[in-house]
Structure formats: C-alpha cells, structure tokens
Amino acid sequence: MDRKITDLEETREKITEVDRLITDLFVRRMQLAEDVALYKAAKGMPVLDAAKEAKKLEQIAGQMPEEFREYGISLYEKIFELSRDYQQKLIAGSKDLND
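Residues numbered from 1 in each chain as written. Predicted model: local features only at pLDDT ≥ 70, side-chain atom pairs only at ≥ 80, totals over all residues. Heavy atoms only, no water.

Comments concerning the overall build of the chain
Spelled out, the test is: Numbering of helices and strands runs from the N terminus, with a helix taken as a DSSP run of H or I at least four residues long and a strand as a DSSP run of E at least two residues long. We call a residue buried when its accessible area falls under 20% of the maximum for its residue type, exposed when it is over 50%, and partly exposed in between, using a 1.4 Å probe and counting protein chains only. Should any heavy atoms of two residues lie within 4.5 Å, those residues are considered in contact. Accessible areas in this description were obtained via Shrake-Rupley with a 1.4 Å probe; residue shielding takes into account the shown protein chains only. The convention is simple: Lys and Arg are positive, Asp and Glu are negative, and His and the chain ends are not counted. Charge positions are represented by NZ for Lys, CZ for Arg, CG for Asp and CD for Glu.
Helix and strand counts for the chain come out as 3 helices and 0 strands. Counting only C-alpha atoms and orienting by the principal axes, one finds that the chain spans roughly 60 × 25 × 15 Å. Looking at the chain residue by residue over its 99 residues, the buried ones come to 14%. A fraction of 68% describes how many contacts in the chain between residues 6 or more apart in sequence connect residues 24 or more apart. Carbon and sulfur atoms form 56% of the exposed surface of the chain, whose accessible area is close to 8,400 Å². Distance between charge centres in the chain, computed from 17 positive and 21 negative side chains, equals 5 Å.

Structure representation (structure tokens):
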C-alpha cells in the first residue's frame, strides 16, 4: 500500500463529506426503489428478481478494485436487502389502501 500518512482531522473531514454524498445518493436510490415498487405492484411482479440482482452484483464487483471487492459486494447485498424491504412495505401499504 503506497498511501501517505495525512493529517487525521483533515482525513476525517474528507470522510464526513463522502458520508454526506453517500447519504444523499442512498436517499435518491431509495426514492427510485419506490418508483420500481409502484411499477411492480401495478404489473403484479414480485419484488425480488434474483437473476437481476446477481447480474448487478457481478457488474458492481467488476467496477471495484480487488482489495475492496468483497466489501463492495457486502455493501450492495445490504443495499439490495434494504431496497427490497422498502419496496415490500410500499406494496403492502398500497394493497392495504385498496382494500
């Protein structure tokens, strides 16, 4: 690893900024998951598409440096899980409203 040692506080400030970006992007992704849920509910499609998720994980893994790959896969598995959970809640809620 050829990374130089930097000022800890400066590095933490950079991490805080990255965390803000990640948070904003996560919220945006969950909002898009809502759009997906509405579409799936209207078409009677299941929330889980295991083949699509597997393909997406493979694509994501290919975009990551080897040293971070297993962590990136774990992160996205969790993101997919949260997205599915949110979609299921939205779909269940829309069914409750229609009853």
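From this point on, the discussion continues.
Focus: helix H2 (residues 50–63)
Spelled out, the test is: Expected helix span is given by 1.5 Å per residue-to-residue step, counting one fewer step than there are residues. Taken from the helix axis, the directions to the C-beta atoms give the arc we talk about.
Taking 1.5 Å of rise per residue, 14 residues should cover 20 Å, and H2 covers 20 Å from first to last C-alpha, within 8% of that figure. Inspection of H2 places Leu57, Ile60 and Ala61 among the buried residues, and these make up the whole buried set. For H2, the angular spread of the buried residues around the axis is 100°, confining them to a single face. Of the residues in H2, the exposed ones pointing more than 90 degrees away from the buried face are Ala51, Lys52, Lys55, Glu58, Gly62 and Gln63.

Looking at the pattern of salt bridges
For clarity, the threshold we go by: Just to be clear on terms, a salt bridge is a Lys or Arg side-chain nitrogen sitting within 4 Å of an Asp or Glu carboxyl oxygen.
For the coordinates displayed, the defined rule picks out 7 salt bridges. Of the charged contacts in the structure, one is a salt bridge between Lys14 and Glu10, with a shortest N-O distance of 3.3 Å. Highlighted residues: Lys14 and Glu10, both in helix H1 (residues 8–43), separated by 4 residues, approximately one helical turn.

Describing the side chain of Gln87
Tracing the backbone through its elements, the reader meets Gln87 in helix H3 (residues 66–98). Apart from the residues lying within four places of it in its own chain, the contact partners of Gln87 are Ala33, Val36, Ala37, Lys40 and Val47.

Here's the deal with the side chain of Ser83
By the secondary structure assignment, Ser83 is in helix H3. Ser83 gets classed as buried once you look at its relative accessible area, which sits at 6%.

A word on H1
With 36 residues, H1 should cover 52 Å at 1.5 Å per step; its first-to-last C-alpha distance of 51 Å lies within 8% of that length. Of the residues making up H1, those classed as buried are Met30, Ala33, Ala37 and Lys40. Backbone geometry just after H1 places Gly44 at a positive phi near 65°.

Focus: the environment of Asp7
Using the following cut-off: Any pair of nitrogen or oxygen atoms within 3.5 Å is treated as a polar contact; in protein, a donor-acceptor pairing is required on top of that, and neighbouring residues in sequence qualify only through side-chain atoms on both sides.
Its location among the elements puts Asp7 in the segment before H1. Spatially, the C-alpha atoms of Asp7 and Glu81 are 36 Å apart, while their sequence positions differ by 74 residues. Engagement of the side chain of Asp7 in a polar contact is seen with the backbone nitrogen of Glu9, the distance being 3.3 Å. A distance of 2.8 Å separates a polar side-chain atom of Asp7 from the backbone nitrogen of Glu10.

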